[in-house]
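Fold and geometry: a report
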Amino acid sequence: MHLPINTNEPHSPVRGACPHDCPDTCALLTTVDNGRAIRVQGNPGHRHTDGALCTKVSRYPERTYHPERILTPLRRTGPKGSGRFEPVDWETALDEIAARLGAIAARDPEAILPYSYAGTMGLVQSEGMAARFFHRLGASLLDRTICATAGGEAMTHTLGGKIGMKVEHFAESRLILIWGSNSIASNLHFWRLAQQAKRNGARLVCIDPRRTETADKCHEHIALRPGTDAALALALMHELIVHDWLDHDYIARHTLGWPALRERALQWPPARAAGVCGVPVEQIERLARDWGTTAPAAIRVNYGVQRVRGGGNAVRAIACLPALTGAWRHRAGGVLLSSSGHFPVRRAALHRPDLLADRTPRTINMVTIGDDLLRETSPGFGPRIEALVVYNSNPVAVAPESAKVVRGFAREDLFTVVLEHFQTDTADYADLILPATTQLEHWDIHASYGHTDVLLNRPAIEPRGQARSNAAIFRALAARMGFDEPCFRDDDLTLCRTAFGDEVDFDLLLAQGFATLDLPEAPFAEGGFPTPSGKCEFFSERLARQGLDGLPDHLPNHEPAGTDPRHPLAMISPPARNFLNSSFVNVKSLRDIEGEPLLEIHASDAEPRGIQDGRMVRVFNARGEYRCKARVSERARPGVVNGLGIWWRKLGPDGTNVNELTSQRLTDLGRGPVFYDCLVEVAACP
Ligand SMILES: Nc1nc2c(c(=O)[nH]1)N[C@H]1C(S)=C(S)[C@@H](COP(=O)(O)OP(=O)(O)OC[C@H]3O[C@@H](n4cnc5c(=O)[nH]c(N)nc54)[C@H](O)[C@@H]3O)O[C@H]1N2
Ligand SMILES: Nc1nc2c(c(=O)[nH]1)N[C@H]1C(S)=C(S)[C@@H](COP(=O)(O)OP(=O)(O)OC[C@H]3O[C@@H](n4cnc5c(=O)[nH]c(N)nc54)[C@H](O)[C@@H]3O)O[C@H]1N2
Ligand SMILES: [Mo]
């Protein structure tokens with residue numbers, strides 16, 4: 001089919017960007033017929049999208065025209081959590097919210113908390129106008145840690161930022177380690193590059209406790225225990241040293257702290273790591289030989305490794321490997337976790353922290369929202385949280401230790417506003433729900449964390465019902481609250497232009513929908529890392545100054561396997577392929593593919609517990625209990641169960657999901673969550 005991708009003529013598909021929290025940030029083409037979006041496709045003219053979309057987003061019209069879309073403001077009529085609401089008009093809803101927030105702010109604005117994450121990654125509809133509003137109000141700040149801060153800080157303290165290889169060059173690599181990532185499920189367009197490399201003879205190795213669909217298609221799968229990646233990386237270094245597979249010139253010129261790291265790595269012979277990781281010693285030796293003797297060699301590490309106590313250290317250890325062998329010399333060598341640090345986003349211009357004036361509100365970590373909603377006013381904490389404004393997130397489903405999150409959201413004295421497309425588990429606890437537009441109905445502009453193109457999203461259709469964009473809602477609230485700074489009058493298109501200013505050619509974005517950043521092909525071929533020393537920092541002075549270990553090390557999990565006889569199994573809860581976190585769970589055609597909540601368990605763990613495939617099981621620990629169906633499967637390694645996420649609680653069999661079991665403890669770096677550092681026991685239901 002011919003698609004006129006470079007025109008703006010009527011009847012041609014509308015160019016947009018996928019808004020979801022996914023590294024691929026695809027360029028979309030939406031076909032509109034009579035004002036109705038009838039098809040969403042990948043733009044074949046955008047090289048990273050290459051005309052292909054995942055199953056989820058190709059169902060976008062089904063999500064947009066879903067019969068349960070919220071189309072008017074709603075006010076709660078039943079008890080919190082009951083899900084009973086009545087429509088109200090916008091004027092009433094905005095007046096009520098402005099009055100409640102205004103009264104709380106008059107006493108203490110820090111008692112108000114925004115809660116948001118990446119329901120949309122758009123720079124406008126995420127924090128574009130929202131940050132201005134909350135800064136002006138003086139509300140508590142939110143530390144947006146729920147996904148990526150452990151790995152992000154690790155990269156910053158090693159390479160100097162969330163930066164790395166250009167993703168397209170993986171296609172030329174001869175060896176690719178896919179480390180802590182199920183690319184086929186969560187980074188499909190990277191997988192296409194890996195396959196291209198494979199066809200050209202590259203070897204693919206998957207390092208993941210779960211035998212994922214990606215592991216199935218790699219040459220080798222190393223099924224290590226969750227939270228043991230740093231031990232594996234240190235053993236690889238040990239082998240690089242003893243076999244002298246090192247690039248001494250690169251190490252001497254472009255790295256910092258090698259003598260100390262060398263000493264530490266020599267404490268990790270493969271046999272020691274094999275015991276910690278629970279994998280054969282030969283597998284570690286072979287991986288080290290592959291890494292030490294193949295060029296160009298590259299690592300696609302992803303966020304799966306960093307959701308454990310030592311996640312930051314693990315990412316640091318992994319990020320050291322390319323410098324040791326000089327892999328960075330080649331454009332198809334190195335490591336990529338996130339490319340987001342390459343984008344020149346003008347955050348201050350967008351978010352306007354100057355509106356705080358001389359106030360410095362406290363910061364609340366979104367991971368511990370369960371505990372924090374239940375805290376009273378105290379000198380260490382500050383005021384009790386009295387109001388929450390939730391947008392682009394579904395914390396009741398996605399935040400750890402749900403029992404506490406639910407208790408917090410159920411507080412009768414808490415005033416909660418939720419901006420949403422659907423009546424999610426979180427929206428059920430709102431006092432007021434405000435209908436938000438979807439990506440097909442608003443403007444936005446996007447960076448990416450998996451490639452290095454900027455994308456513009458044009459609205460394809462009029463907002464459905466009375467839906468308004470997040471930015472429009474915060475503009476209206478600002479007006480109601482009497483905030484008269486001119487920045488509260490910026491419309492969404494102006495905000496799009498503000499995001500990159502002159503750094504990106506906006507006319508090009510308007511014309512073709514995307515623009516490629518001008519970046520070096522092999523960023524660290526000659527060193528030049530944007531760290532304080534200008535080198536790849538094996539040793540980080542900045543971490544040492546914070547009283548932390550300056551070198552990467554293996555830190556055992558908060559809940560190490562084998563330490564709690566009542567809860568002997570480790571549980572990880574990676575995303576399901578046809579959901580995006582908890583988004584799309586209510587799209588029937590996608591839910592039908594996933595079927596129902598499942599716990600994968602290895603036969604050697606199922607048999608002694610009398611668990612057969614398809615049987616309902618109780619998964620439990622001291623924090624809670626969750627019921628779902630067992631899937632006795634080789635996808636689970638012995639000792640580890642996989643609770644695939646993230647179901648809406650109300651669509652699960654007993655109104656709970658895996659986050660009943662996860663803890664609110666934090667990672668070593670970045671104050672991140674430890675979703676995959678969690679011990680449980682499983683029993684067959686009677
Ligand atoms: N289809 C789909 N795509 C998604 C998402 C989704 O929910 N669904 N979520 C999006 C989001 S928010 C993010 S952050 C990214 C995440 O992208 P990735 O980080 O690539 O996430 P996953 O695909 O979950 O891969 C994580 C893998 O890590 C494995 N793992 C768990 N614990 C460990 C460990 O200790 N060590 C190692 N080596 N591996 C471990 C899990 O089994 C899983 O296969 O994906 C995005 N894309
Ligand atoms: N057990 C376990 N828990 C996890 C994870 C895990 O692997 N295991 N993964 C974690 C990770 S990586 C992440 S990133 C978090 C994700 O957690 P969240 O960021 O909360 O992501 P979603 O669950 O997708 O919820 C996003 C919500 O935003 C809404 N939304 C989308 N676009 C818009 C918009 O334009 N306006 C408004 N107002 N709303 C919009 C969607 O309808 C959806 O309900 O979950 C974390 N939780
Ligand atoms: Mo995430």
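Residues numbered from 1 in each chain as written. Chains lettered and ligands numbered in written order. Predicted model: local features only at pLDDT ≥ 70, side-chain atom pairs only at ≥ 80, totals over all residues. Heavy atoms only, no water.

**A look at the overall build of the protein chain**
This is how it is decided: Strands here mean DSSP runs of E at least two residues long; helices mean DSSP runs of H or I at least four residues long; both are numbered from the N terminus. Restricting the calculation to C-alpha atoms gives the radius of gyration, and the globule rule supplies 2.2 Å times the number of residues raised to the power 0.38. Any pair of residues with heavy atoms lying within 4.5 Å of one another is described as a contacting pair. Here the Shrake-Rupley method, with its probe set to 1.4 Å, supplies the accessible areas, and only the displayed protein chains count as covering residues.
Summing up its helical and strand segments, the protein chain has 24 helices and 27 strands in all. In summary, the protein chain has a C-alpha radius of gyration of 25 Å against a globular reference of 26 Å for 686 residues, a match within 12%. Taking all contacts inside the protein chain whose residues are at least 6 apart in sequence as the whole, residues at least 24 apart take part in 77%. Summed over all atoms, the accessible surface of the protein chain reaches about 24000 Å², with 49% contributed by carbon and sulfur.

**Overview of the environment of H157**
What counts is decided by this rule: Relative accessible area decides the class of each residue, using a 1.4 Å probe on protein chains only: under 20% of the type maximum gives buried, over 50% gives exposed, and in between gives partly exposed.
Mapped onto the secondary structure, H157 falls in the loop between α5 (149-156) and β8 (175-179). Under the relative-accessibility criterion, H157 is labelled buried at 7%. Here the alpha-carbon distance between H157 and P532, two residues 375 residues apart in the chain, equals 9.2 Å.

**Observations regarding the site of ligand 2**
Stated formally: Proximity is defined per residue: any heavy atom of the residue falling within 4 Å of a molecule or strand makes that residue near it. Two N or O atoms count as a polar contact when they lie within 3.5 Å, although within protein this holds only if one can serve as hydrogen donor and the other as acceptor, and sequence-adjacent residues are included solely when both atoms are side-chain atoms. Either an automatic procedure or a domain database provided the assignment from which the domain bounds are taken.
N394, E420, S582, S583 and Y676 are the nearest of the 31 residues found near ligand 2. Within the backbone of N394, one N or O atom sits 2.8 Å away from an oxygen atom of ligand 2. Considering ligand 2 on its own, with 920 Å² of exposed area, one finds that the protein chains cover 96% of that surface. There are two domains that each give the shell around ligand 2 at least three residues, and those are domain 2 (74-147 + 350-516) and domain 4 (569-684).

**Some words on the nonpolar core**
What counts here: The term nonpolar core refers to a set of buried residues drawn from Ala, Val, Leu, Ile, Met, Phe, Trp, Tyr and Cys, joined through side-chain atoms within 4.5 Å.
Core analysis: the biggest nonpolar cluster contains 120 residues, and W179 and L321 have the highest contact counts within it. Residue contributions to this core peak at 10 residues, all from helix α9 (residues 229-242). If you look at the next biggest cluster of nonpolar residues, it comprises 56 residues, including A105, L123, V345 and A476.

**A closer look at the site of ligand 1**
Under the convention used in this document: In this count, Pro and Cys sit with the nonpolar residues alongside Ala, Val, Leu, Ile, Met, Phe, Trp and Tyr, while Asp, Glu, Lys and Arg are called charged and the others, Gly among them, polar.
Around ligand 1 lies a shell of 34 residues, among which S181, S186, D208, Y303 and F579 are the nearest. Between ligand 1 and N182, the relevant distance is 3.2 Å, taken from an oxygen atom to a main-chain nitrogen or oxygen of the residue. Note that an oxygen atom of ligand 1 is positioned 2.7 Å from one of the backbone N or O atoms of N581. Isolated, ligand 1 exposes 900 Å² of accessible area, and the fraction of that covered by the protein chains is 98%. Here the residues of the shell around ligand 1 sort into 18 nonpolar, 9 polar and 7 charged.

**What to know about the side chain of T158**
Turning to its location among the elements, T158 is positioned in the loop between α5 and β8. One polar contact links the side chain of T158 to the main-chain carbonyl oxygen of A154, over a distance of 2.6 Å.

**Focus on the pattern of salt bridges**
Formally: By definition here, a salt bridge exists when the distance from a side-chain nitrogen of Lys or Arg to a carboxyl oxygen of Asp or Glu is within 4 Å.
Following the criterion strictly, the structure yields 48 salt bridges and no others. The partner of E168 in a salt bridge is R47, and the shortest N-O contact between them spans 3.1 Å. Taken together, the residues span a long stretch of sequence, with E168 in the loop between α5 and β8 and R47 in the loop between β3 (36-42) and α1 (55-58) at a distance of 121 residues. According to the relative accessible area criterion, E168 is buried, its value standing at 17%. Judged by its relative accessible area of 43%, R47 falls in the partly exposed class. Two residues, E376 and R384, come together in a salt bridge whose shortest N-O distance is 3.2 Å. The network of salt bridges with common partners includes K166, E172, R331 and E521.

**Some points on the packing of helix α3 (residues 90-107) against helix α19 (residues 470-480)**
Stated precisely, the cut-off is as follows: Fitted lines through C-alpha atoms give the axes, limited to the stretch in contact for helices. The angle between two N-to-C directions lies from 0 to 180 degrees. Note that the term roughly parallel is reserved for angles under 35 degrees, roughly antiparallel for angles over 145, roughly perpendicular for angles of 65 to 115, and oblique for everything else. Whether a crossing is left-handed or right-handed is set by the direction in which the near helix is turned from the far one by less than a right angle, anticlockwise for left-handed and clockwise for right-handed.
Two elements in contact, α3 and α19, have axes whose closest approach is 9 Å; the angle formed by their N-to-C orientations is 60 degrees. Overall, the two elements α3 and α19 adopt an arrangement that is oblique. Relative to α19, α3 is oriented so that their crossing is right-handed. Between α3 and α19, the contacting residues are W90, E91, L94, D95, I97 and A98 on the first element and I473, A476, L477 and R480 on the second. For the contact of α3 with α19, the class distribution of residues is 7 nonpolar, no polar and 3 charged.

**Points about unusual backbone geometry**
When glycine is set aside, most residues are seen to have a negative phi, and most peptide bonds are trans. Across the junction of A295 and P296, the peptide omega takes the value -10 degrees, indicating a cis bond. Although it is not a glycine, E401 adopts a positive phi angle of roughly 55 degrees. With respect to the helices and strands, E401 occurs in the loop between α17 (395-398) and α18 (402-409). Residue F584 is not a glycine yet carries a positive backbone phi of 80 degrees. Positionally, F584 belongs in the loop between β22 (569-572) and α23 (588-594). With a relative accessible area of 1%, F584 lands in the buried category.

**Considerations on helix α7 (residues 188-199)**
Test applied: Expected helix span is given by 1.5 Å per residue-to-residue step, counting one fewer step than there are residues.
Spanning 12 residues, α7 covers 17 Å between terminal C-alpha atoms, matching the ideal 16 Å at 1.5 Å per step. Considered for burial, the residues of α7 that qualify are H189, F190, W191, L193, A194 and A197. Where the residues of α7 are buried, they touch β8, α6 (183-186), β9 (203-207), α8 (213-216) and β12 (297-301). Among the residues trailing α7, G201 stands out with phi positive, at a value near 105 degrees.

**Considering the domain arrangement of the protein chain**
Let me state the cut-off plainly: Buried area: the sum, over both parts, of the accessible surface (1.4 Å probe) that disappears when the two are put together.
Segmenting the protein chain into domains produces domain 1 (14-64), domain 2 (74-147 + 350-516), domain 3 (150-337) and domain 4 (569-684). Here domain 3 and domain 4 have C-alpha centroids that lie 27 Å from each other. Tallying the contact residues gives 27 residues for domain 3 and 21 residues for domain 4. Summed over both sides, the interface between domain 3 and domain 4 buries roughly 1900 Å², with carbon and sulfur atoms accounting for 54% of that surface.

**Let's talk about the sheet that holds strand β13 (residues 334-336)**
We apply this condition: Strand pairing follows a simple DSSP-based rule, namely that at least 2 bridges must link the two strands.
Pairing is parallel in the open sheet, where 5 strands are placed in the order β10-β9-β8-β12-β13. Only two strands of the sheet have a single neighbouring strand rather than two, namely β10 (220-222) and β13. This sheet shows a mean twist of 20 degrees between the axes of neighbouring strands, independent of strand direction. For β12 and β13, the ladder comprises 3 bridges, and the chain directions are parallel.

**Some points on the sheet that holds strand β15 (residues 387-391)**
Overall, mixed pairing links the 6 strands, which are arranged β5-β4-β17-β16-β15-β6 in an open sheet. Bordering the open sheet on either side are β5 (85-87) and β6 (112-116), each of which pairs with just one other strand. Going across the sheet, the axis of each strand differs from the next one's by a mean of 20 degrees, ignoring polarity. Alignment of β6 against β15, held across 5 bridges, turns out to be parallel. Paired with P114 across the two strands is V389, which belongs to β15. Where α3 meets the sheet, it contacts β4 (74-76), β6, β15, β16 (415-420) and β17 (432-435), and its direction lies at approximately 125 degrees from that of β17. Lying over the sheet, α19 contacts β15, β16 and β17, oriented at roughly 140 degrees with respect to β16.

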